[in-house]
2 protein chains.
Amino acid sequence: MSAPDSVTETPVFFLAGGTGISAETLGNLMLNQFPSVRFRRRKIPFITTPEIARQVVAEMDEAMTDAVTPLVFSTVADEEVRTELVKTKCAFIDLFGSHLDAIERVLHVNASHNRAGLHGLGDPRRYEQRMKAIEYAMEHDDGQSLRNLAQAELILVAPSRCGKTPTSMYLALQHGIRVANYPLVEEDLHSTHLPRPIRDYADRCFGLVSTPARLSQVRSERRPGSTYASLAQCSYELRRAEALYRAHRIPSINSASMSVEEMAAVIMQTRHMSNLA
Amino acid sequence: MSAPDSVTETPVFFLAGGTGISAETLGNLMLNQFPSVRFRRRKIPFITTPEIARQVVAEMDEAMTDAVTPLVFSTVADEEVRTELVKTKCAFIDLFGSHLDAIERVLHVNASHNRAGLHGLGDPRRYEQRMKAIEYAMEHDDGQSLRNLAQAELILVAPSRCGKTPTSMYLALQHGIRVANYPLVEEDLHSTHLPRPIRDYADRCFGLVSTPARLSQVRSERRPGSTYASLAQCSYELRRAEALYRAHRIPSINSASMSVEEMAAVIMQTRHMSNLA
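Keep in mind that what you see is a predicted model, and the values were worked out from it rather than measured.

(A) Molecular detail of the overall build of chain A. Helix and strand content of chain A: 10 helices and 8 strands. The C-alpha radius of gyration of chain A comes to 24 Å, more than 25% above the 19 Å expected for a compact globule of 277 residues. Residue burial in chain A is summarised as follows: out of 277 residues, 55% are buried. Summarising the internal contacts of chain A: among those between residues at least 6 apart in sequence, 70% fall at separations of at least 24. Element-wise, carbon and sulfur atoms account for 49% of the exposed surface of chain A, whose accessible area totals about 12,500 Å². Within chain A, one finds 31 positive and 32 negative side-chain charges whose respective centroids are separated by 7 Å.

Right, here's the structure in full:
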């Protein structure tokens, strides 16, 4: 076998006039389709002038060799800046401009072709809502504050360490949803009644479960060797939680096999929530 | 003027085999280039079979009228599913497939053309890191816990209500960075020494400021009519905070005119941080 540093890596550049989040996300989705290829990734955000663009092209072209052609994913919208960028010798994948022409034809309207729409706070009302939702989610994490649950749009319910917190944060940050979360502790699981604080809100609850093995592993990182982390305890809590969800027709998902992004999408679809994007 | 409901809205569909986040983000970036057009948006995630695709096509085609052609943004990668989707009469903008062919030619490798790379946890190590980073950020929000600051990769420093919390959460959730944040209270601002808890970590600090008017507005929502929210107090704190950053060569940005996404990108670029995407 050859040493790791002798393996040829294909350089990949993500270019953007703004933060580069979309260029990176969509570019990586495409690169995931080539699991046998090794990539070396670099994001270059805020390319706002032709001068910067020329420097970027010089740098990218240096990465080009006889053996390897770098890939460039770009969401740059500014015409002047794009004119410079497309001069690169690398493979230039324009995630933006190539589609803009098609949209112009459909809408019979010319695109503004500047970065005005691409940065800043976007829709200020929606941005405010996201920021307020984060605050709400922080204040209502892990049953910390049970006041104002009436204002929650969604209450995530689960035994400890099933992923309530990251899922709540993601829903708040990306989708502006006011999420509270409520931890099912052992006392809650002895009965099939909903715990008092959430009793009136079953229609806003969404349950999370995990697999016993996964939950035991996650809990062991926090309290190794404890009853809390034991496989038997985890199995028991998950079984009881599922019974509770069933008894109250609370929809639920398993966090062991899904990312927070996927859980958020499923929860929103199930609860018919829309974001304001 | 015509009533709002008589204005023609162009229906927009975001289609995906996974969560639809990329389709939505990139689609919206493009739609922002047409500020004079009104859109009615709908996201349809998890289109995983030809059967679902046929239902989606039927629904989209119903939205088509003589006056308006709906726009469809798709990141669906599965060949069979795409074959069905492209039968729509709407304007189909394929954010994915159209570029995949170009990448295949550059890499001399065929794409796997399935959704394997498009869902699940992605790289498990990177996902773990993001989840742990959220936990760390929650525990170290607003100076709550000053233990383990040595483990922070980044410490956001600012007067109250300048945007530390959402920026920390975003950096943790999206980029897996262990972020702590430290609130500059009035006692901290009397001196130009760094507050004791962060004194040894100036090289990991990043400052946030705002404008006095914006800060006063945000604080007024929390404590209307208070000294804390007064323009004079906000001006004073911001001026002193900036002096502190300058004295210790702590880079800083103004959160009044930037989104959390932009702040995160600038901070990572300034501090030469990379995410593991």
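Having seen it, we continue.
(B) Up close: the nonpolar core. By size, the foremost hydrophobic cluster in this structure holds 103 residues, and its most contacted members are Leu 154 and Ile 155 of chain A together with Leu 154 and Ile 155 of chain B. Non-local contacts of Ile 155 of chain A, meaning those with residues more than four positions away in its chain, are made with Leu 149, Ala 180, Tyr 182, Ile 198, Tyr 201, Arg 204, Cys 205 and Phe 206 of chain A. Listed in part, the 42 residues of the second largest apolar core include Val 37 and Leu 95 of chain A together with Phe 14 and Ile 103 of chain B.

(C) Examining helix H1 (residues 21-31) of chain A more closely. Most of H1 of chain A is tucked away, with 9 of its 11 residues classed as buried. Buried-residue contacts for H1 of chain A involve strand E1 (10-15), strand E2 (39-44) and strand E3 (71-74) of chain A together with helix H1 (21-31) and helix H4 (97-107) of chain B.

(D) Quick peek at the state of the cysteines. Residue and element names in this part refer to chain A. What the rule picks out here adds up to 0 disulfides over all chains. Cys 205 takes part in no disulfide bond, and the closest cysteine sulfur, belonging to Cys 162, lies 15 Å away. Look at Cys 205 and you get buried, because its relative accessible area is 0%. We note that Cys 234 lacks a disulfide partner, and the nearest cysteine sulfur, in Cys 162, lies 8.3 Å from it. Using a relative accessible area of 0% as the deciding quantity, one classes Cys 234 as buried.

(E) Broad picture of the pairing of strand E1 (residues 10-15) of chain B. All names here are of chain B. With 6 of 6 residues buried, E1 is to be regarded as a mostly interior element. Along E1, one buried face is formed by Thr 10, Val 12 and Phe 14 and the opposite face, lined by Pro 11, Phe 13 and Leu 15, is buried too. Tracing the backbone out of E1, into H1 and back to the parallel element strand E2 (residues 39-44) gives a crossover that is right-handed. As judged from the 4 bridges shared by E1 and strand E3 (residues 71-74), these two strands associate in the parallel manner. Within the sheet, the bridge partner assigned to Phe 14 lies in E3 and is Phe 73.

(F) Representation of the relation of the copies chain B and chain A within the structure. The operation relating chain B to chain A is a screw motion whose rotation component is 180°, with 0.0 Å of axial translation and a residual RMSD of 0.1 Å. Such a combination of turn and shift is consistent with a two-fold rotation axis. Of the interface residues in chain B, 100% have counterparts in chain A that sit at the interface too, so the contact is made through matching surfaces.

(G) Fine view of unusual backbone geometry. The phi dihedral of Arg 161 of chain A falls on the positive side, at around 75°, and the residue is not glycine. By secondary structure assignment, the location of Arg 161 of chain A is in the loop between strand E5 (154-159) and helix H6 (164-175). One non-glycine residue, Phe 46 of chain B, lies in positive phi territory at about 55°. Take Phe 46 of chain B: it is sitting in the loop between E2 and helix H2 (50-62).

(H) Structural context of the interface of chain B and chain A. Taken together, the 82 residues of chain B in the interface contact 82 residues of chain A. On the chain B side of the contact with chain A, Gln 33, Phe 34 and His 99 of chain B bury the most area, a combined 11% of that side's loss. Linking chain B to chain A there are 12 salt bridges. The partner of Arg 222 of chain B in a salt bridge is Glu 135 of chain A, with the nearest N and O atoms 2.8 Å apart. Seen at the junction of chain B and chain A, the total is 15 residue pairs in polar contact (both at pLDDT 80 or more). Take the side of chain B that touches chain A: its biggest share by element is 9 residues, from helix H5 (residues 124-139) of chain B. Looking at the side of chain B that touches chain A residue by residue, the class counts come to 39 nonpolar, 26 polar and 17 charged.

Quick notes on the rules
Residues numbered from 1 in each chain as written. Chains lettered and ligands numbered in written order. Predicted model: local features only at pLDDT ≥ 70, side-chain atom pairs only at ≥ 80, totals over all residues. Heavy atoms only, no water. Helix = DSSP H or I, 4+ residues; strand = E, 2+ residues; numbered from the N terminus. Rg over C-alpha atoms; globule rule 2.2 N^0.38 Å. Buried < 20%, exposed > 50% of the residue type's maximum accessible area, 1.4 Å probe, protein only. Contact = heavy atoms within 4.5 Å. Areas by Shrake-Rupley, 256 points an atom, 1.4 Å probe, with all protein chains shown as cover. Lys, Arg positive; Asp, Glu negative; His and termini not counted. Charge placed at Lys NZ, Arg CZ, Asp CG, Glu CD. Core = buried A, V, L, I, M, F, W, Y, C linked by side-chain atoms within 4.5 Å. Disulfide = S-S within 2.5 Å. Right-handed = clockwise from strand over helix to strand, strands pointing away. Pairing = 2+ DSSP bridges. Least-squares fit on C-alpha atoms with pLDDT ≥ 70 in both. Buried area = accessible area lost by both parts, 1.4 Å probe. Salt bridge = Lys/Arg side-chain N within 4 Å of Asp/Glu carboxyl O. Polar contact = N/O pair within 3.5 Å; in protein donor to acceptor, adjacent residues only side chain to side chain. Nonpolar A, V, L, I, M, F, W, Y, C, P; charged D, E, K, R; others polar.

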